[in-house]
Amino acid sequence: MSRRDWSELPVHCLVEILERVGIESLVETVPLVCKSWYEATFYPQCWQHLVFTKLTFLRNSKCSIPRLKSVKDSRFNLNFGVSRHINDVDDSLEKFVQFAIGRSHGLVSEVVFHPESRLKEGQIARIAQRCPSLKLLVLPSYLSYVINFEVSDSICKWKSLEALHVASLIGLKKTIANISKSCQNFKHLSVNVPRLDGMWC
């Protein structure tokens, strides 16, 4: 019996598979399998579900951080270097989010951040601008006052939004009002707030 050559898998089947593997695999392993798999990672459908919770280098400053930088070949411009500064973590997350969104060409339906992620001002607004089809947004455990209102203001651009997870009451009244006005398919809102003992509930 002859063995199957996985590099000859029809591209539509391969893309169906890659939609489910997670962005860490799309970046770290899939492109290294063979040329056809590498090229399949450029299909926007592979980047609809952006779940950043498994990428440990984007969570905190205690681990090595793969840095992203611009190079002449923009098809796959990840450069892995080492840094331990918290600002580098913030920069890495911001650049990685923009990289993944760029690959999606506006098809992103889910964005899920790790609870310990740190977002920069303007990042939510950019996601709203470039991801009009967003259905699910799970935000980190802490957002600044300004970013909380960025979330509230961005709701109006997500007409298809179905679920939102936030970790603050700041701007929530405006968020709910904008959901009511703009998101006809909205089903679920969850708010994590700290208890007096410092735990989250």
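None of these values were measured; they are calculated from a predicted model.

Asker: What am I meant to see in the pairing of strand S5 (residues 188-191) here?
Answerer: Side-chain positions along a regular strand alternate between the two faces of the sheet. Judged from the four bridges that link them, strand S4 (residues 163-166) and S5 form a sheet pairing that is parallel. Bridging from a neighbouring strand, His 165 pairs with Ser 190 of S5. In terms of handedness, the path from S4 via helix H7 (residues 172-182) over to S5 forms a crossover that is right-handed.

Asker: What should I look at first to understand the layout of surface pockets in this one?
Answerer: A probe matching the size of a water molecule, rolled over the atoms, marks out where space remains unfilled. Approximately 200 Å³ is the volume attributed to the largest pocket. Lining the largest pocket are twelve residues, with Ser 117, Arg 118, Leu 119, Tyr 142 and Leu 143 sitting closest to its centre.

Asker: I would appreciate a short explanation of the side chain of Gln 98 in the present structure.
Answerer: Here Gln 98 shows up in helix H4 (residues 86-104). Among the residues examined, Gln 98 registers a relative accessible area of 18% and is labelled buried. Setting aside its immediate chain neighbours within four residues, Gln 98 contacts Arg 126 and Arg 130.

Cut-offs and rules
Residues numbered from 1 in each chain as written. Predicted model: local features only at pLDDT ≥ 70, side-chain atom pairs only at ≥ 80, totals over all residues. Heavy atoms only, no water. Pairing = 2+ DSSP bridges. Helix = DSSP H or I, 4+ residues; strand = E, 2+ residues; numbered from the N terminus. Right-handed = clockwise from strand over helix to strand, strands pointing away. 1 Å grid on protein atoms, 1.4 Å probe; cavity = no way out; pocket = protein on both sides within 12 Å on 5 of 7 lines; lining within 4 Å. Points joined across faces, edges and corners; volume = space filled by probe spheres on them. Buried < 20%, exposed > 50% of the residue type's maximum accessible area, 1.4 Å probe, protein only. Contact = heavy atoms within 4.5 Å.

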